[in-house]
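Chains, contacts and geometry: an overview
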Amino acid sequence: MQPFVVKLTALAPGTSHFSWHAGAEFFEKFGNTEILDADLEVTAAVRNHGLTAEAACEIAGSVTVACDRCLEDLVLPVETSFEESYTPEGDELDLGQDVYDFVCISLPIQRVHPEGECNQETTKYLSK
């Protein structure tokens, strides 16, 4: 089974729990070149109602991006969650797009190291 895809016909009555890992290859599949590396744990509680399904997901871990100031690797913590209702078109529920979207919107717009932690060789040229 593909990561983040739930076979609805295989779900037991009630709530089913799933756990996945998302790394850099997950973001590469979406064509995202800004996320250089990732170490994310995704947990989902999925409840199938027949014609609709509900999913509550929690995402925690970190992603690595380039610092906007010095271009060195910057590890950013990620902790986000979402709850959605779905009307699947078939017997599968793919949560991949939502996981991708919620990780991306959880990242800060300006991605820089804390003061004094940027590469000094690079930043010395910024004040000239």
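A few points on the structure. (Residues numbered from 1 in each chain as written. Predicted model: local features only at pLDDT ≥ 70, side-chain atom pairs only at ≥ 80, totals over all residues. Heavy atoms only, no water.)

Quick notes on the sheet that holds strand β4 (residues 53–66)
To keep things clear, this is the line we draw: The criterion for strand pairing is that DSSP finds at least two bridges linking the strands in question. Secondary structure counts use DSSP, requiring at least four H or I residues in a row for a helix and at least two E residues in a row for a strand, with both numbered from the N terminus. Here, axes are lines fitted to C-alpha atoms. For helices the fit covers the stretch in contact, and angles between N-to-C directions go from 0 to 180 degrees. The criterion used for residue contact is that any of the two residues' heavy atoms lie within 4.5 Å.
With respect to topology, four strands assemble into an open sheet ordered β2-β3-β4-β5, the strand pairing being antiparallel. The open sheet has two edge strands, β2 (15–22) and β5 (73–86), and neither has a second partner. On average, adjacent strands in this sheet sit at an angle of 10 degrees to one another, irrespective of strand direction. The pairing of strand β3 (residues 37–48) with β4 spans twelve bridges and is classified as antiparallel. Paired with T43 across the two strands is E58, which belongs to β4. Sheet strands in contact with helix α2 (residues 96–106) are β3, β4 and β5, and its direction is about 130 degrees off that of β5.

Thoughts on the environment of N48
Using the following cut-off: By the criterion applied in these results, polar contacts are pairs of N or O atoms within 3.5 Å in which, for protein atoms, one can donate a hydrogen and the other can accept it, and in which residues neighboring in sequence qualify only through two side-chain atoms.
When you line up the elements, N48 lands in strand β3. Spatially, the C-alpha atoms of N48 and S85 are 9.9 Å apart, while their sequence positions differ by 37 residues. Leave out the neighbours within four places in its chain, and N48 touches L8, L11, G14 and A53. Side-chain polar atoms of N48 contact the backbone nitrogen of G50, separated by 2.9 Å.

Re the pattern of salt bridges
In plain terms, the rule: Salt bridges are defined by distance alone: a side-chain nitrogen of Lys or Arg within 4 Å of a carboxyl oxygen of Asp or Glu. Relative accessibility under 20% of the residue-type maximum defines a buried residue, over 50% an exposed one, and the middle range a partly exposed one, all with a 1.4 Å probe and only protein chains included.
In this structure the tally under the stated criterion is three salt bridges. We note a salt bridge from K7 to E92, for which the minimum N-O separation is 3.3 Å. Taken as a pair, K7 in strand β1 (residues 5–7) and E92 in strand β6 (residues 92–94) lie far apart in primary sequence, 85 residues in all. The class of K7 is partly exposed, set by a relative accessible area of 36%. Residue classification places E92 among the partly exposed residues on the basis of a relative accessible area of 40%. The salt bridge involving R111 is made with E34; its shortest N-O contact spans 2.9 Å. Here the residue R111 occupies a position in the loop between α2 and α3 (120–123), and E34 occupies one in the loop between α1 (24–29) and β3, the gap between them amounting to 77 residues. A residue is classified by how much of its surface remains accessible, and R111, at 14% relative accessible area, is buried.

Focus on the side chain of N32
You can see N32 is positioned in the loop between α1 and β3. Within the local environment of N32, its side chain forms a polar contact with the side chain of Y100, the two groups lying 3.1 Å apart. The residues touching N32, leaving out its near neighbours within four places in the chain, are F27, Y100 and C104.

What about the pairing of β3?
Sheet analysis places β2 next to β3, joined by eight bridges and oriented antiparallel. Considered in β3, the bridge of F18 is made with A44. Between β3 and β4, which pair antiparallel one after the other, the connecting turn spans four residues, and G50 there sits at a positive phi close to 95 degrees.

Considering the side chain of R111
Engagement of the side chain of R111 in a polar contact is seen with the side chain of E34, the distance being 2.9 Å. At 3.0 Å, the side chain of R111 and the backbone oxygen of P108 are in polar contact. When neighbours within four sequence positions are excluded, R111 is seen to be in contact with E34, V65, A66, C67, D68, L74 and L76.

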